[in-house]
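# Residue-level structure breakdown
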Amino acid sequence: MQELHDAPLAPLTTFRLGGPAARLLTATTDAEVIAAVREADASGTPLLVIGGGSNLVIGDKGFDGTALRIATKGFELSGTSLELAAGEVWTDAVARTVEAGLAGIECLAGIPGSAGATPIQNVGAYGQEVSSTITEVVAYDRRTRETVTIPNTECAFSYRHSRFKAEPDRFVVLRVRFELEEANGLSAPLKYPETARAMGVEQGDRVPLSAARETVLGLRAGKGMVLDPEDHDTWSAGSFFTNPILDPAAFQDFLGRVHDRLGPDVTPPAFPAEDGRTKTSAAWLIDRAGFTKGYGSGPARISTKHTLALTNRGAATTEDLLALAREVVAGVYAAFGVTLVNEPVTVGVSL
C-alpha cells in the first residue's frame, strides 16, 4: 500500500477543496482495504474512506487521522450479472455495460465517483437509481470485524439514502453486485420526462442503449454535471442539495408561501413520494428564492449552468463554499419555509 504523510486531499475531491490528511493510504486490493481499516480501528485512529471524492466536502484544516483511498479494480460480467470493485470508476463501468448491450444503469452515465459510493448514496438520475439493479453489497463490517454480503432487501434504500449512509462508521463497501437486463440492445423504459423529450419519444418507451447514454451525457454536460478540468462549473459535487420531501401539512404551508410570494397562479414542481408525502425541486426553490445561475461574487459561486450546483471558481476555500451554502439555505427557508439538506458528506465541518 502506498503511504504518504501530511498528504493533500483537495486533489482527491471534485471540489478541489480541503486541507491535508495526517496520513494517506492508497489500497488496490480488498485485503489492503480491510488491513488498513483494521489497523485504524485497533489503534483508535480516525478513519476517512475516499473513493472518487465526488460527494465530499473536507474542511480547510484537513483530517487528523488516516485517509484511505480505495483504488481497487474489478469489472466482472457473467451473463446479465455484474460485479464491480469499489474503486472502479462509475462512469466507465456504465459505458462498458452499454457496450455489452445490458440495460439498467445507462441513464446513470456521467456521474462522477466510484462504484463503491453508489449504494451508500443510492445514486440516481434521469429516472434510474442503483437500488433498482443492485442485488448485493459486499462490505467489511467494522463492528463484527468480518466481511459480509448484504442483500438488497437489507440495504434500506430510499431517496439518496441507505443503511450504509445511516451507519457511516460501520461498513466499508468492497464490491457491488448488479442484475441488469438484456433487451435486444434497448434501454430500460425511460422514466424521466426530460430524457424522453430530448429523444423525441414518450415516457415508458425503450430506445437504443447507446442513444440513451449519449443523451444523458449531453443533458448532464449542459448543466455542468460532467467533469471537465477546464470548466469551473464542474468543480463541484454535482447537486449540492437533495430535493425536499414534505409531509402533507408542510406541503400545504409551502404552497401558501409560494402563492404569497410568487402569485396564486404559480404551481411549484410536485412529485408523489412515499407515505403520502410530496417531493419538490431544490433547484426550483433556490432559483425562486433569488439565487440564480452564477450567483455570488467570491471564489465560490452557484454554477452558471445549474442552480443546484455550488462551485469552486478556482481559488475558493471550504469556508467560502460553506458560507455560500448557508446563505442559500437561509434564503430558501426565509422565502418558502423549507430547509434544504446538503447531499455531499462533510468532514470536519458542517452547515
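Now for a description of the structure that goes with this document. (Residues numbered from 1 in each chain as written. Predicted model: local features only at pLDDT ≥ 70, side-chain atom pairs only at ≥ 80, totals over all residues. Heavy atoms only, no water.)

A word on the packing of aromatic side chains. Enumeration according to the criterion identifies ten aromatic pairs in this entry. Taken together, a centroid distance of 6.2 Å and an interplanar angle of 70° make the contact between phenylalanine 15 and phenylalanine 240 edge-to-face. With phenylalanine 15 in the loop between β1 (2-8) and β2 (20-27) and phenylalanine 240 in the loop between α6 (209-222) and β15 (245-246), this pair connects stretches of sequence that are 225 residues apart. Using a relative accessible area of 1% as the deciding quantity, one classes phenylalanine 15 as buried. The buried category is assigned to phenylalanine 240, whose relative accessible area is 1%. Aromatic pair phenylalanine 291 and tyrosine 295: ring centres 5.0 Å apart, planes at 85°, arrangement edge-to-face. Exposure remark for tyrosine 295: the relative accessible area of 26% places this residue in the partly exposed category. Across the ring face of phenylalanine 336, the terminal group of arginine 261 is positioned such that the distance to the ring centre comes to 5.7 Å. Sitting above the plane of the tyrosine 159 ring, lysine 279 keeps its charged end 4.5 Å from the centroid. (Phe/Tyr/Trp six-rings, centres within 6.5 Å; stacked < 30°, edge-to-face > 60°. Helix = DSSP H or I, 4+ residues; strand = E, 2+ residues; numbered from the N terminus. Buried < 20%, exposed > 50% of the residue type's maximum accessible area, 1.4 Å probe, protein only. Lys NZ or Arg CZ within 6 Å of the ring centre and 35° of its normal.)

Moving on to the sheet that holds strand β11 (residues 134-141). Strands sit in the order β6-β7-β13-β11-β12 across an open sheet of five strands; the sheet is antiparallel. Looking at the sheet topology across the chains shown, the edges are occupied by β6 (75-78) and β12 (146-151). Taken pair by pair, the neighbouring strands of this sheet meet at an average axis angle of 20°, ignoring direction. On top of the sheet, helix α1 (residues 30-43) reaches β11, β12 and β13 (171-179); it is set at about 150° to β13, its chief contact. (Pairing = 2+ DSSP bridges. Axes fitted to C-alpha atoms, helices over the stretch in contact; angles between N-to-C directions. Contact = heavy atoms within 4.5 Å.)

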